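# Residue-level structure breakdown
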Amino acid sequence: MESDTLRVHPSLRDPDRERVLDWLTALLPLLIVSVIYYRGQALALHVTAVGGYLMAALLLAWAMKAPWTELRVVPAVVGGLLAAFCLPAGAPGWLAALFGGIVAVAQTVPALIGRVKPDWRLTQPLVHPVLLAFLLVRIVFPAHFADYTMPAQFIPVDGVAGATPLSALRGGEVADFWQLLFGIHAGAIGEGCVAAILLGALFLILRRRVRLIAPATLIVTVALFSWVFWGTIGYALYSILAGGVLLAALLFADKTTAPDAPRDQIVVGVVAGVITVLIRRFSGWAEGAAVGVLAAQAVVPLLPFVYKVCRIAWTHLARWSRAAWIWMKPHLMRLFRFVGAHIAVGAHRLWAAICLCGKALFARIKDLLQKRKNNS
């Protein structure tokens, strides 16, 4: 039997090693693009985020008396890279290390709960650890997310600040489609290049590591509600390519946090998309996608209760509707007979009047023709 120490932390002899390697391979295009665009700043953030993840994993292993020699680097690299992708290029190194450490702690919570409460059988996070850690860091340290820089590859001077696509949209400026597709705009180092995200998503789809219904529903809902609020199809496409929606959708598709049932995936996708657009429309906060995905994933445990309430409500509604129809049916039939009788009488009188008028008209025409014949 496998020892409990092997399941204390995802970094300790992960049994799902192939899945982690596939995710690492899918993140390589985004890693390469981020280093090309932001050079040493992006590389430093990636290294410090992975280091923070490893340090937190070592501390957790020590606290839970797990052998630290069984620490595995690949899950730590994946968690650290995902954490660094959410940061701006100018973020300090300690923030990246803290971000990576929070991701490691968030991934360990299910194992801790399982050890304290074995009956709960919580084997995976309820929400995605990276999105949860990002939201915590974003709320606690908002000043470090205020300035985003343009990619160094497309400006003569490093570190020039610029407006993100969503900020530019609120100011009346719209970025070009190709700039959004290849990430030639200010933003986090991992959310800009849509082409790299799509390439990684395609690899994960081919490897069957993701569930497509929830992210597809999220994207369609964001596009539809953006079209409703902003009134043009161009803004619908703009809202998908800007603001990290595709990166959040990629994390949303992870099988470790996405629900199994297609119905549940559709529901959480709609909830995430609606919350994303509402936050963007009425608050102007660029992190609407992360909040929407986290809120939708937090709703997943409540879905059976919601379905039960809906079934009970539908049953009572059907019963009340049937009772109301049984009570109203004789009255409606009496009303229809009364109205039908009056309509029939009115139609008969109208037809009689039409026939009388026609008869008089034909008689008048006949008299006029007779008079003309006599005069001739």
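Residues numbered from 1 in each chain as written. Predicted model: local features only at pLDDT ≥ 70, side-chain atom pairs only at ≥ 80, totals over all residues. Heavy atoms only, no water.

## Quick look at the confidence of the model for the protein chain
Overall, the predicted model of the protein chain reaches an average pLDDT of 79, with 82% of residues at or above 70. Taken element by element, the protein chain is modelled with least confidence in strand β2 (residues 161–162), mean pLDDT 46, and with most confidence in helix α7 (residues 194–206), mean pLDDT 89. Note on residues 1–14: pLDDT under 50 across the span, and 35 contacts to partners over four residues away in sequence or across chains. In the model, residues 156–163 has pLDDT below 50 throughout and makes 15 contacts with residues more than four positions away in sequence or in other chains. (pLDDT = per-residue confidence, 0-100. Helix = DSSP H or I, 4+ residues; strand = E, 2+ residues; numbered from the N terminus. Contact = heavy atoms within 4.5 Å.)

## Quick notes on a nonpolar patch on the surface
There is a patch of nonpolar side chains on the surface, built from Met-333, Leu-335, Phe-336, Phe-338, Val-339 and Ile-343 and spanning about 590 Å² of accessible area. Mapped onto the elements of the fold, Val-339 is located in helix α13 (residues 303–375). According to the relative accessible area criterion, Val-339 is partly exposed, its value standing at 37%. (Patch = residues over 30% accessible without salt bridge, like charges linked within 9 Å, V, L, I, M, F, W, Y side chains within 5 Å. Areas by Shrake-Rupley, 256 points an atom, 1.4 Å probe, with all protein chains shown as cover. Salt bridge = Lys/Arg side-chain N within 4 Å of Asp/Glu carboxyl O. Buried < 20%, exposed > 50% of the residue type's maximum accessible area, 1.4 Å probe, protein only.)

## What to know about the packing of helix α8 (residues 213–230) against helix α10 (residues 245–252)
Closest axis-to-axis distance for the α8/α10 pair is 8 Å, and the angle between their directions is 155 degrees. As judged from the angle between their axes, α8 and α10 are roughly antiparallel. Considering how the two elements wind past one another, α8 and α10 form a crossing that is right-handed. Contacts from Ala-214, Pro-215, Leu-218 and Ile-219 of α8 reach α10 at Leu-246, Ala-249 and Phe-252. For the contact of α8 with α10, the per-class residue count stands at 7 nonpolar, no polar and no charged. (Axes fitted to C-alpha atoms, helices over the stretch in contact; angles between N-to-C directions. Parallel < 35°, antiparallel > 145°, perpendicular 65-115°, else oblique. Left-handed = near helix turned anticlockwise from the far one by under 90°. Nonpolar A, V, L, I, M, F, W, Y, C, P; charged D, E, K, R; others polar.)

## What to know about empty space enclosed by the protein
The tally for this structure, following the rule as stated, stands at 3 cavities of 30 Å³ or more. Its boundaries defined by the atoms lining it, the second largest cavity holds a volume of some 50 Å³. Lining the second largest cavity are Val-33, Tyr-37, Tyr-38, Gly-183, His-185, Ala-188, Ile-189, Gly-192 and Cys-193. Among the residues forming the lining of the second largest cavity, the class breakdown is 6 nonpolar, 3 polar and no charged. (1 Å grid on protein atoms, 1.4 Å probe; cavity = no way out; pocket = protein on both sides within 12 Å on 5 of 7 lines; lining within 4 Å. Points joined across faces, edges and corners; volume = space filled by probe spheres on them.)

## Here's the deal with the pattern of salt bridges
Enumeration over the complete set of coordinates arrives at 5 salt bridges. Among the salt bridges present, the one from Arg-209 reaches Asp-22, with a minimum N-O distance of 2.7 Å. One end of the pair, Arg-209, is in the loop between α7 and α8; the other, Asp-22, is in helix α1 (residues 17–63), with 187 residues separating them in the sequence. We note that Arg-209, like Asp-22, is buried. Asp-260 is the salt-bridge partner of Arg-211, the closest N and O atoms lying 2.7 Å from each other. On the criterion of sequence distance, the pair formed by Arg-211 in the loop between α7 and α8 and Asp-260 in the loop between α10 and α11 (262–282) is long-range, its members being 49 residues apart. Judged by its relative accessible area of 58%, Asp-260 is exposed.

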